[in-house]
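Structural overview for review
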Amino acid sequence: MEADPEELFGSVVAAGRQALAAAGGAGADAVALANQGETVLAWDRRTGRPLSPAIVWQDRRSGGVCARLADRSAELAAITGLPLDPYFAAPKMTWLRENLTAEGTVTTTDSWLLARLGARYVTDAATASRTLLLDLDRTAWSETACVAFGLDPAALPEVTDCAGVVGETTAFGPSLPVAGIAVDQQAALLAEGCLAAGDAKCTYGTGAFLLVTTGSQAARSEAGLSSSVAWRLDGTMTYCLDGQVYTAGSALRWLTETGLLDGPAALDATGGSVPDTGGVTFVPALAGLGAPYWAPDVRGALAGLHLGTTRGHIVRAVAEGIAASVAQLVAAAAADLGRPLTALRVDGGLTRSRLLMQAQADLLQVPVLVGRTPDATALGVAALARLGLGEAASAAEAVGTAEVERTVEPAITADQAAERMTLFLAATDRALARR
């Protein structure tokens, strides 16, 4: 899967100019940039010209790179905190070098966007921790990992704090400092006020991404999650565990393209037209399985169809399959933490679906706290920019209170939730066995 880098840059500039126009006389104090941490491209550092398409985070063509390094997976995980999987940036960077171009430099998109905006050649510690190239304990490029992927650590960008001025830009009109940078999911974690160890959020967009703050120590997951930098402020690290469901919003797009759903906005009406899934189970592995399986070659599964199955049953099964996948990630996080989560904060466009949020609360058996705004990522990097300009003394002050629009409580019993999870996990096991 690819994207046009120039279209990406154009969308950033257009969005920034629209925001300034909407602000009117209020103006802006700084620019903040969030990014898809696992998307990469080749580019010319002298001119800023892209030399390849952007290879996006869902792309799986680097699976062969991972297969070649399979005997080093444990070593790389111990260094970086990440499993060896095509989802992360380094396998894509190696694949790009081997298949598209040996020219220029290859980085995640944030470094290129920042350079095009006029900032320094940098990447933030959170984004760097999503590459499979960063020593998670030192937050410095690992020579061992870089050599394994055939990459030169000296050619990689400087790893910086998430808050602090890294340059100035006139791309949006007036000269503005670039003062807050982070990978998208960690920015959302900050915006949701998940500052203490054990605080958790899930963002529902193209995929669904669970992050749990773990504190100042870079713990390695024993339950199949990945470990990353949440943010680095004044050289001090906060870490998190994270897990991914690769297809959430993209599963609804698939439903739409196949004619089973009249667009994502119809999820509640169609899925709510039936009281349950009618025995249908959906495993949302349309782009492989992420945590805790790390099985990029697994395909999605729709099981339990019968002559009485309707569109409503299938659509509801997709929603419940997404919720069950997230519930499995929450269980893995609880195992790593040694205690259950007591609530889950949620954001992203799909949180508008009451059907999905109710299914999530039901399967988790804890309250789901739906954020007032679905755009937590933007609020998170804005908070980092406040810190970078010295307008806030702490992350808590920069973020303020994460407002909750509604709280969704479980509507089924724990036994009913366990029964649904058992059916889902059995369907997942069958999908894994078909590889």
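What this report covers is the structure whose coordinates are included nearby. Every chain's residues receive numbers from 1 upward, in the order its sequence appears when written. Selection of residues for local features in this predicted model requires a pLDDT of at least 70, selection of side-chain atom pairs for listing and counting requires 80 or more, and totals for whole chains, interfaces and linings are taken over all residues. By convention in this description, side-chain values take in all heavy atoms of the structure and omit both hydrogens and water.

Looking now at the side chain of Thr 80. Residue placement: Thr 80 occurs in helix α3 (residues 73-80). Looking at Thr 80, its side chain comes within polar contact range of the main-chain nitrogen of Leu 82, at 3.2 Å. Residues within four places of Thr 80 in sequence aside, it is in contact with Leu 132, Leu 133, Leu 134, Leu 136, Ala 145 and Ser 227. Each helix is a run of H or I in the DSSP string that is no shorter than four residues. Each strand is a run of E no shorter than two, and both are numbered from the N terminus. In protein, a polar contact means a hydrogen-donor-capable atom and an acceptor-capable atom, both N or O and within 3.5 Å, with residues adjacent in sequence counting only if both atoms are side-chain atoms; elsewhere, any N or O pair within 3.5 Å suffices. In what follows, a contact means two residues having at least one pair of non-hydrogen atoms within 4.5 Å.

If you trace the 7 strands from one edge of the open sheet to the other, you get β14-β15-β13-β12-β18-β19-β20, paired in mixed fashion. In this open sheet, the two strands that pair with only one neighbour each are β14 (226-233) and β20 (404-408). On average, adjacent strands in this sheet sit at an angle of 30° to one another, irrespective of strand direction. Any two strands are treated as partners once DSSP identifies two or more bridges connecting them. Sheet topology note: the strand β13 (residues 208-215)/strand β15 (residues 236-245) ladder contains 7 bridges and is antiparallel. Considered in β15, the bridge of Gly 215 is made with Tyr 239. Between N-to-C directions, angles cover 0 to 180 degrees, with each direction set by a line fitted to C-alpha atoms, over the stretch in contact for helices.

A cavity here means a set of 1 Å grid points, computed over protein atoms only, where a 1.4 Å probe fits but cannot escape. A pocket is an open set with protein on both sides within 12 Å along at least 5 of 7 lines, and lining residues have an atom within 4 Å of a point. Grid points are joined across faces, edges and corners, and a volume is the space filled by probe spheres set on the points. Within this model, the largest pocket holds a volume of roughly 680 Å³. For the largest pocket, the lining is made up of 27 residues, of which Leu 33, Ala 34, Thr 377, Ala 378 and Val 381 are closest to its centre. Those elements that provide at least two residues to the lining of the largest pocket are α1 (5-23), β2 (31-35), α5 (109-117) and α13 (376-388).

For this analysis, a ring pair means two rings from Phe, Tyr or Trp (six-membered ring only for Trp) whose centres lie within 6.5 Å, classed as stacked if their planes differ by under 30 degrees, edge-to-face if by over 60, and tilted for the remaining angles. Overall, the coordinates contain 9 aromatic pairs when judged by the stated rule. Pairing Tyr 87 with Tyr 246 gives two aromatic rings, centres 5.1 Å apart and planes at 45°, and the pair type is tilted. Of this pair, Tyr 87 sits in the loop between α3 and α4 (89-99) while Tyr 246 sits in the loop between β15 and α9 (249-257), and the two are 159 residues apart along the sequence. Between Trp 254 and Phe 282 the ring centres are 6.1 Å apart and the planes differ by 15°, which places this aromatic pair in the stacked class. One end of the pair, Trp 254, is in helix α9; the other, Phe 282, is in strand β16 (residues 281-283), and 28 residues separate them in sequence. Exposure categories follow from relative accessible area, calculated using a 1.4 Å probe and restricted to protein chains: below 20% of the type maximum is buried, above 50% is exposed, and the middle band is partly exposed. Assessed through its relative accessible area of 29%, Trp 254 is described here as partly exposed. Under the relative-accessibility criterion, Phe 282 is labelled buried at 2%. Feature note: the residues Trp 57, Tyr 87, Phe 88, Phe 209, Tyr 246 and Trp 294 constitute an aromatic cluster, connected by ring pairs.

In terms of burial, helix α12 (residues 354-364) is a largely internal element, 9 of the 11 residues being buried. The set of residues buried in α12 consists of Leu 355, Leu 356, Met 357, Ala 359, Gln 360, Ala 361, Asp 362, Leu 363 and Leu 364.

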